[in-house]
Structure formats: C-alpha cells, structure tokens
Amino acid sequence: VQLQAFGGGLVQAGGSLRLSCTTSGLIIRNYVMGWFRQAPGKEREFVAAISRSGGSTYVADTVKGLSTISRDNAKNTVYLQMNSLRPEDTAVYYCAATTTIFYTSNHRPRDYGYWGQGTQVTVSS
C-alpha cells in the first residue's frame, strides 16, 4: 500500500495550492481520507477529513474557510485546496487513510493506519 502526496511548494502569503494524494494498493472509496500537517518542532496536526462517499467533510478550525478537502473515487485521488495561505501554514502535509467511521471533530492521527510520505508547503511572508 502506498499513498503519495504531491503539489506542495513555495508560495507567497495569500497564494493558493492544491495538494493531491494518489494511492496504489488501496482503493480509497473504502476509506475515510484525511490530511494532516507537521511543522518543525511541532506535533502532527489534523487539517481535514472526508467521508468515503465524499458527502461529508470536516475541516479543522485553524484552516476553516481557507481549505477544502475533496475526493474523486474514480481517480483514487484526494485533494486539499488551500487558499489565502499564511506563513503559519508552512509544514509538511500528509495524506492518510483510515477504516474507522467518519466523525465531525478533529481526527486523531492514531486512527489512521496508512500514510503518505508528505509534501512540503512553505509560505513566505
């Protein structure tokens, strides 16, 4: 099983990025998918999650109104659209998959059994 996140990069504050996560060996329609991030010296932090069908999403308060998670099960891909980026959004962003039920509160990293390698997002001021 492999998850690969890409689409990160260096962007100026106020800019946008769309991260994508593709998988191999894992059919994402069977999984709740999530995005997390980790800044240097900080714990891994929940960003957003989406239910198996894509009908429900939950976004952390820290990025609410700025980031949108979506999925295309036919393409086995999950997306994170990030707008109005701020320097504090700088982190390595990870996609992850879980077999647990979808819930509408901050998702716990320990609930996720499959992780991608991460993509670096750097926002300059």
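These numbers were taken from a predicted model, which means no experiment stands behind them.

Caption draft 1: Representation of the packing of aromatic side chains within the structure. Under the criterion given, the structure shown has seven aromatic pairs. Here Phe36 and Trp115 contribute two aromatic rings whose centre-to-centre distance is 5.0 Å and whose plane-to-plane angle is 50°, an arrangement assigned as tilted. Pair noted here: Phe36 is in strand 4 (residues 32–38) and Trp115 is in strand 10 (residues 114–115), with a separation of 79 residues, a long-range link. What makes Phe36 buried here is its relative accessible area of 0%. Note on Trp115: relative accessible area 26%, which makes it partly exposed.

Caption draft 2: Representation of the pattern of salt bridges within the structure. A full pass over the atoms with the stated rule returns five salt bridges. Residues Arg37 and Asp89 are paired through a salt bridge, measuring 2.9 Å at the closest nitrogen-oxygen approach. With Arg37 in strand 4 and Asp89 in the loop between strand 8 (77–82) and strand 9 (91–98), this residue pair connects regions lying 52 residues apart in the sequence. By the burial criterion, Arg37 is buried, and Asp89 matches it. Between Asp61 and Lys64 there is a salt bridge, and its shortest N-O distance comes to 3.1 Å. Asp61 gets classed as exposed once you look at its relative accessible area, which sits at 61%. The structure contains a network of salt bridges with shared partners spanning Arg37, Glu45, Arg86 and Asp89.

Caption draft 3: Focus on the environment of Val123. As for its position among the elements, Val123 is in strand 11 (residues 119–124). Between the alpha carbons of Val123 and Thr90 there is a distance of 5.5 Å; along the sequence they are 33 residues apart. Every residue in contact with Val123, bar those within four places of it in the chain, is listed here: Val11, Gln12, Ala13, Leu85, Arg86, Pro87, Asp89 and Thr90.

Caption draft 4: Structural context of the nonpolar core. Within the largest apolar cluster, 37 residues are counted, with the highest numbers of intra-cluster contacts made by Met33, Trp35, Leu80, Met82 and Tyr93. Contributions of two or more residues to this core are made by strand 1 (2–6), strand 3 (17–24), strand 4, strand 5 (45–50), strand 6 (57–59), strand 8, strand 9 and strand 11. For Leu80, the residues in contact, after removing those within four places along its chain, are Leu17, Arg18, Leu19, Trp35, Val47, Ala48, Ser67, Thr68, Ile69 and Tyr93.

What counts and what doesn't
- Residues numbered from 1 in each chain as written.
- Predicted model: local features only at pLDDT ≥ 70, side-chain atom pairs only at ≥ 80, totals over all residues.
- Heavy atoms only, no water.
- Phe/Tyr/Trp six-rings, centres within 6.5 Å; stacked < 30°, edge-to-face > 60°.
- Helix = DSSP H or I, 4+ residues; strand = E, 2+ residues; numbered from the N terminus.
- Buried < 20%, exposed > 50% of the residue type's maximum accessible area, 1.4 Å probe, protein only.
- Salt bridge = Lys/Arg side-chain N within 4 Å of Asp/Glu carboxyl O.
- Contact = heavy atoms within 4.5 Å.
- Core = buried A, V, L, I, M, F, W, Y, C linked by side-chain atoms within 4.5 Å.

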